[in-house]
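Fold and contact review
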Amino acid sequence: MLRQMERDVGLDALSPSELDVFLAAHALTGMPGGSVTSDQIRRHELVRHMAQASYHRALRSLVALGLLEKAEGFKARHYVVRSDLAAN
């Protein structure tokens, strides 16, 4: 069932780096619609070992895929997990 849910939202197609960044962002989002900064994601235990270039590539990819969205009211570096994926 979990694998089917991953396929339904496209998580099964993510690279390991993308998945780690996504899971870190999701873990750090306090509530659905809550924002998280790129620095907070970068310091998360799932991501801190990752090379800087790999981290930024994964973050850009997640935004392009629509799994992370730029937070409203901020110029840059604030993100929210797509609202239908943020429910815990």
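Above this text is the structure in question.
Residues numbered from 1 in each chain as written. Predicted model: local features only at pLDDT ≥ 70, side-chain atom pairs only at ≥ 80, totals over all residues. Heavy atoms only, no water.

Here we look at the nonpolar core
Ranked by internal contacts, the top residues of the largest apolar core, which has 18 residues, are V21 and I41. Within the residue set of this core, elements represented by two or more residues are α2 (16-28), α4 (52-65) and β3 (78-81). The contacts of I41, once residues within four sequence positions are left out, are V21, A24, A25, L28, V36, V47, Y55 and L59. (Core = buried A, V, L, I, M, F, W, Y, C linked by side-chain atoms within 4.5 Å. Buried < 20%, exposed > 50% of the residue type's maximum accessible area, 1.4 Å probe, protein only. Helix = DSSP H or I, 4+ residues; strand = E, 2+ residues; numbered from the N terminus. Contact = heavy atoms within 4.5 Å.)

Focus on the pattern of salt bridges
Counted by the stated rule, this structure contains one salt bridge. Taking the shortest distance from any N to any O, the salt bridge between R77 and D39 comes out at 2.6 Å. On the criterion of sequence distance, the pair formed by R77 in the loop between β2 (68-70) and β3 and D39 in helix α3 (residues 38-43) is long-range, its members being 38 residues apart. Classification of R77 as partly exposed rests on a relative accessible area of 45%. Given the relative accessible area of 33%, D39 is considered partly exposed. (Salt bridge = Lys/Arg side-chain N within 4 Å of Asp/Glu carboxyl O.)

Thoughts on the sheet that holds β2
The strands making up a sheet are joined through hydrogen bonds of the backbone, oriented either antiparallel or parallel. A sheet is described by the order of its strands in space; here three strands give the open sequence β1-β3-β2, paired in antiparallel fashion. The open sheet has two edge strands, β1 (36-37) and β2, and neither has a second partner. Pairing of β1 with β3 involves two bridges; the strand directions are antiparallel. If you follow V36 over to β3, its bridge partner there is Y79. Along the sheet face, α2 touches β1, β2 and β3 and points at about 90 degrees away from the line of β3. (Pairing = 2+ DSSP bridges. Axes fitted to C-alpha atoms, helices over the stretch in contact; angles between N-to-C directions.)

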